[in-house]
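# Chains, contacts and geometry: an overview
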Amino acid sequence: MDSDIGIHGIVGLALVFLYAVSVVGLVLVLLLENRNPLKTIPWVIVLILLPGLGLVFYFFFGQDNRRQRIISGRTYKRIVRPLWSNRGVHDPGRVPPQYVPLCNLLVRNGQSALFDGCGLECFTGGAEKFDALLEDIRQAKHHVHLQYYIFAGDETGGRVRRALIEKAREGVIVRVLYDDVGCWDVKASFFNEMRRAGVEVYAFLRVVFPIFTSKVNYRNHRKVVVIDGRVGYIGGMNIADRYVRGSSLGVWRDTHFRVTGRGVHGLQSAFLLDWYAASRRLVKSRAYYPDTGACGEEVMQLAVSGPTGRWRTLLQAVTFCISNAKSYLYIQTPYFLPTEALNQALQAVALGGVDVRLMLPKHSDARAVNMATHSFLDDMIKAGVKVYFYRSGFLHSKLLLSDDAIACIGSANFDFRSFEHNFEINAFVYHAPFARRMKEMFMHDLATGCEQVVPSQWLSRSIFVRIAESFMRLFSPLL
């Protein structure tokens, strides 16, 4: 009996020792990666407070893949070469002088081409967006490239799937990318039916055995469509019924854009890079970059960002836009968990007298995120930021406007996940009339669907509520 107790004691001590060594080792790894302390500290807390489970969480969600490459430099150049050889690409003379440094920044850290002669049509409701998209798919002659974070197997997803199958049977090249985690609840048969009809379908960063992979945390959140290299779509809407019919939160207010002209080539390049990453099939023919000519007056630059590569492209670009605002800065976002750089930049411009307005959903689909979001609002309000809660449904729109000169549109939310972990795509539009159109849309939402947060009431909420919000804020880099 005594020997059994002795053996069990030794085994127990050995397990404790191994666990302690693994935790200390991971903490050292976190420190040596020289991450932002705001991201390091929560992981240290998780590892210490959740023995065993913390290690699993770190394996899934904590590893830093920024030094990894998913596409070789040589392959990258082969895919984007047709993009840069087209006329009408990268003429900084069309950019307002104050944003030329931003334009150069996006070229240097993301090889983001600048396009003039673009046309942009805005959709604020899912019904009109999907009607336009389905009509464009029906008109396709050469190819349809479609990429979404969520491609739901509901009625709306079924309508899009039927349109894609029909085009594939006509001989049109149809390629579909979906995010594996975003579509976890979609039956395999939904995508297999497309494959049987001749549609090429791939999942991005497929997660076959979640317990053995760290890919769960790095998701492709982009929403991109390219049709015949002449028409494209970019924005915040996924393919799902809730964008058409709403949900328990009400109508989903989102923003999506139909792109024509040379800017479509930037969307094409982004899709083909992701296509290669998922399928290992190289598509580089110039036939995918037809000469579209000028289809509008907008000048735009696409910023493609993700957890791999040297720079946090979108984070740098958005920080630049905020820091250089002179008159006003308006932001719509469903999730507001800013990095420290963005947090300080917003407060600084507000304290400097810039009219900063932040529009958020009153009710969120993620309770923990919503609580953490509220903890950031105290200092924002004290700095002079005007905060508005959208109450006419769920606000899922992603939009940044400044000074009647620039608009940032696309898939990225204003949070750690979009700027640090997700593969995202946003367009920076340097065109005063377009910026003013987006401003009118923002003001319409403000007048018809929002309530302004009253500082005295907000800052006097219960101490217990504020403690809970502050606790959730500790984990904001992980949410």
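What comes next is a walk through the structure. This one's a predicted model, so the numbers in the text were calculated from it and none came from an experiment.

## Some thoughts on helix α12 (residues 340–351)
- With twelve residues, α12 extends 16 Å between its outermost C-alpha atoms, agreeing within 8% with the 16 Å of an ideal straight helix rising 1.5 Å per residue.
- Those residues of α12 lying buried are Leu342, Asn343, Ala345, Leu346, Gln347, Val349 and Ala350.
- Within two residues after α12, glycine 353 carries a phi angle of roughly 100°, on the positive side.

## Thoughts on the packing of aromatic side chains
- Summed over the entire model, instances satisfying the criterion amount to 19 aromatic pairs.
- Ring geometry for tyrosine 202 and tryptophan 275: centres 5.2 Å apart, planes at 90°, overall edge-to-face. You can see tyrosine 202 sitting in strand β4 (residues 200–204) and its partner tryptophan 275 sitting in helix α10 (residues 263–279), a full 73 residues away along the chain.
- Exposure remark for tyrosine 202: the relative accessible area of 23% places this residue in the partly exposed category.
- Both rings, one in phenylalanine 414 and one in phenylalanine 419, keep their centres 5.8 Å apart while their planes meet at 85°; by these two values the pair is edge-to-face.

## Some points on empty space enclosed by the protein
- As enumerated under the stated definition, the model contains two cavities of 30 Å³ or more in all.
- Space inside the largest cavity adds up to approximately 110 Å³.
- Lining the largest cavity are 14 residues; nearest its centre among them are Leu399, Leu400, Ala412, Phe414 and Asn426.
- Listed by contribution, the elements that provide at least two residues to the lining of the largest cavity are α11 (313–323), β10 (328–332) and β15 (399–402).
- As a volume, the second largest cavity reaches approximately 40 Å³.

## A closer look at a nonpolar patch on the surface
- On the surface, Ile463, Phe464 and Ile467 cluster together into a nonpolar patch covering about 360 Å² of accessible area.
- Looking at where isoleucine 463 falls in the secondary structure, it is placed in helix α17 (residues 463–473).

## Considerations on the pairing of strand β5 (residues 224–227)
- Side chains of β5 alternate between two faces, with Val224 and Val226 and Val225 and Ile227 buried alike.
- Here four bridges tie strand β2 (residues 143–148) to β5, and the two strands are oriented antiparallel to one another. Residue pairing in the sheet places valine 144 in a bridge with isoleucine 227 of β5.
- As judged from the four bridges shared by β5 and strand β6 (residues 231–235), these two strands associate in the antiparallel manner. Bridged to valine 224 within β6 is isoleucine 234.
- Remark: three residues form the turn of the hairpin made by β5 and β6, two consecutive strands paired antiparallel; aspartate 228 in that turn has positive phi of roughly 60°.

Quick notes on the rules
Residues numbered from 1 in each chain as written. Predicted model: local features only at pLDDT ≥ 70, side-chain atom pairs only at ≥ 80, totals over all residues. Heavy atoms only, no water. Helix = DSSP H or I, 4+ residues; strand = E, 2+ residues; numbered from the N terminus. Expected span 1.5 Å × (residues − 1). Buried < 20%, exposed > 50% of the residue type's maximum accessible area, 1.4 Å probe, protein only. Phe/Tyr/Trp six-rings, centres within 6.5 Å; stacked < 30°, edge-to-face > 60°. 1 Å grid on protein atoms, 1.4 Å probe; cavity = no way out; pocket = protein on both sides within 12 Å on 5 of 7 lines; lining within 4 Å. Points joined across faces, edges and corners; volume = space filled by probe spheres on them. Patch = residues over 30% accessible without salt bridge, like charges linked within 9 Å, V, L, I, M, F, W, Y side chains within 5 Å. Areas by Shrake-Rupley, 256 points an atom, 1.4 Å probe, with all protein chains shown as cover. Salt bridge = Lys/Arg side-chain N within 4 Å of Asp/Glu carboxyl O. Pairing = 2+ DSSP bridges.

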